[in-house]
Amino acid sequence: MSAEITAAPGLLEPIVKDVFDTMVNCPITAGAYAPIAGARVTAFVGIGGEKKYTVLLECSEPLACSAAGSMLAESFPEWSDGVQDALSEIANMIAGNVKSKLPEHLHLSLSLPTVVRGSSYECRTPKMRILQEAGFDCSGLPLTVRIVEEE
Amino acid sequence: MKILIVDDSKTMRLIIGRTLKELGHEIREAGNGREAITALKAETGWGLVMADWNMPEMNGLEMVIAVKAEEVFKPLPIMMVTTETEMSNIQKAMDAGAAGFIMKPFKKEAIQEKIAGLAAVAS
C-alpha cells in the first residue's frame, strides 16, 4: 500500500471541493459512493514517476454536461467536445493537486487526460488497486473520484 | 496589453481569456508551445504570455526555454498557469526565464493580482 497516500486519509475531498467551488462554480457535498446509472463518463489522468498512480473521475453524462455549462457559463444540453474538454480539465486540476501532496522525491509528472464515455463499461487496469475513493453529490447527481496505484 | 494564452485545454483558454478581456486586455490563443512560438513571431507588441505546463508537442517549460532563446523575446514576461507545485520544476521554469506562477484552481482575482504585480515590477 502506498505510504504516501495512505498517510493522508481524506486527501481527495478538499481537493475536489476546491476545484468545484473555485473553477466549476458548482458546489458539491461529500457523500457516500453511489452507483451511476445510465450514460456515464470517466476521465483519467496518470501520475507517473518512481510510483504510478491514476486519478479517475466518474459521473453521469448529464452531470458532465451540467458541470461544463457551469464552468464555462454556457449551455451544453448534450455531450460535445466542449464537455469532454471541460471534464478533462477538471480531472487534470484534481490530479495535479493530488500530485502536489505527494513527495517530490518520487519525481512524478502528469499524463494528458483521457476520457471514456458509454453506458456499459468497466474500468479495470491489471495490478492497480484503489487507494482512496470519495463520493460526492453535485446538484443531486453522484460523482466519484478515485486514486489507484500500480502494485 | 496584448496577451498570448497557451493551453491545450480550450476550456482554460476560454476561462482565462474572458477574465483578461474583462480586465481590458487583448488576447490571442495557442494550443501548445510550438503554436505559441509561431503566434509570437507572427505579431508584435506582446505584453505577456500565460502558459500551461502540461501540453502535448511542446510543454510549458520547453516553450519558456525556446522563447527565451530568442533575443527579441527576452524581455517578454511569461506566467505559468499550472497545477505544478514541485519546487524543482518551478525552479527550472524560473531559471529558464518564467516571471511567475498562477496555481490552478484559481479565482480570477488571482490573475488580476499577478498581472498587476508584473506591471509594478516592469515600471
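Everything here concerns the structure above.
Residues numbered from 1 in each chain as written. Chains lettered and ligands numbered in written order. Predicted model: local features only at pLDDT ≥ 70, side-chain atom pairs only at ≥ 80, totals over all residues.

Of the regular secondary structure elements, chain B holds 5 helices and 5 strands. Sequence-ordered secondary structure for chain B, helices as α and strands as β, is β-α-β-α-β-α-β-α-β-α. Its C-alpha atoms give chain B a radius of gyration of 13 Å, near enough to 14 Å, the size a compact globule of 123 residues would have. Taken along its principal axes, the extent of the C-alpha atoms in chain B is 35 × 30 × 30 Å. A total of 123 residues make up chain B; the buried ones form 39% of that total. Of all intrachain contacts in chain B linking residues separated by at least 6 positions in sequence, the fraction that spans at least 24 positions is 59%. (Helix = DSSP H or I, 4+ residues; strand = E, 2+ residues; numbered from the N terminus. Rg over C-alpha atoms; globule rule 2.2 N^0.38 Å. Buried ≥ 20, exposed ≤ 12 C-beta atoms within 10 Å, placed from the backbone. Contact = placed C-beta atoms within 7 Å.)

What follows is about the nonpolar core. Core analysis: the largest hydrophobic core is formed by 75 residues, its most contacted members being A:Val16, A:Val55, A:Ile90, A:Ala91, A:Ile94 and B:Met50. For this core, the element with the most residues is helix α4 (residues 81-100) of chain A, which contributes 9 residues. What B:Met50 contacts, discounting residues up to four positions off in sequence, is B:Ile3, B:Ile5, B:Val6, B:Ile16, B:Met79 and B:Val81. (Core = buried A, V, L, I, M, F, W, Y, C linked by C-beta atoms within 7 Å.)

All names here are of chain B. Spanning 13 residues, helix α1 (residues 10-22) covers 18 Å between terminal C-alpha atoms, matching the ideal 18 Å at 1.5 Å per step. Taken as a whole, α1 has its buried residues at Thr11, Met12, Arg13, Leu14, Ile15, Ile16 and Leu20. Phi for glycine 24, located one or two positions after α1, is positive at around 90°. (Expected span 1.5 Å × (residues − 1).)

Residue and element names in this part refer to chain A. A large share of strand β7 (residues 141-150) lies buried, amounting to 8 of its 10 residues. As judged from the 7 bridges shared by strand β3 (residues 52-60) and β7, these two strands associate in the antiparallel manner. Along β7, the bridge assignment pairs threonine 54 with valine 148. For strand β6 (residues 128-138) and β7, the ladder comprises 10 bridges, and the chain directions are antiparallel. Paired with cysteine 138 across the strands is leucine 141, a residue of β7. Turn length for the β6-β7 hairpin, with the two strands adjacent in sequence and antiparallel, is 2 residues, and the turn residue serine 139 shows positive phi of about 55°. (Pairing = 2+ DSSP bridges.)

If you look at the interface, chain B gives 17 residues, while chain A gives 18 residues. At the level of elements, α1 and α4 (87-96) of chain B are the ones that each hand at least two residues to the side of chain B that touches chain A. With 4 residues, α1(B) is the largest single contributor of residues to the side of chain B that touches chain A. By residue class, the composition of the side of chain B that touches chain A is 6 nonpolar, 6 polar and 5 charged. (Nonpolar A, V, L, I, M, F, W, Y, C, P; charged D, E, K, R; others polar.)

The next subject is the packing of helix α2 (residues 33-42) of chain B against helix α3 (residues 60-68) of chain B. All names here are of chain B. Their axes nearest at 9 Å, the elements α2 and α3 cross at an angle of 30°. Relative to α3, α2 is oriented roughly parallel. Where α2 crosses over α3, the two elements pack in a sense that is right-handed. Of α3, the residues touching α2 (which contributes Gly33, Ala36, Ile37 and Leu40) are Gly60, Glu62, Met63, Ala66 and Val67. Classifying every residue of the contact of α2 with α3 by side-chain character gives 6 nonpolar, 2 polar and 1 charged. (Axes fitted to C-alpha atoms, helices over the stretch in contact; angles between N-to-C directions. Parallel < 35°, antiparallel > 145°, perpendicular 65-115°, else oblique. Left-handed = near helix turned anticlockwise from the far one by under 90°.)

Attention now moves to the environment of A:Gly38. Residue and element names in this part refer to chain A. Relative to the elements of secondary structure, glycine 38 occurs in the loop between β1 (29-31) and β2 (40-48). Each C-alpha atom, one on glycine 38 and one on valine 148, is 24 Å from the other, the two residues being 110 residues apart in sequence. In contact with glycine 38, not counting residues within four places along its chain, are Ser60 and Ser119.

Further remarks concern unusual backbone geometry. In the segment running from B:Lys104 into B:Pro105, the intervening peptide bond is cis, with an omega of 0°. Among the secondary structure elements, B:Pro105 is positioned in the loop between β5 (100-103) and α5 (108-122). Although it is not a glycine, A:His107 sits at a positive phi angle of roughly 50°. By the secondary structure assignment, A:His107 is in the loop between α4 and β4 (109-110). Accessibility expressed as a C-beta count within 10 Å gives 13 for A:His107, which makes it partly exposed. Its identity as a non-glycine residue notwithstanding, B:Glu57 has a phi of 70°, on the positive side. Locating B:Glu57 in the fold gives a position in the loop between β3 (46-51) and α3. Under the C-beta neighbour-count criterion, B:Glu57 is labelled exposed, with 12 such atoms within 10 Å.

Worth remembering: the numbers are spatial, not functional.
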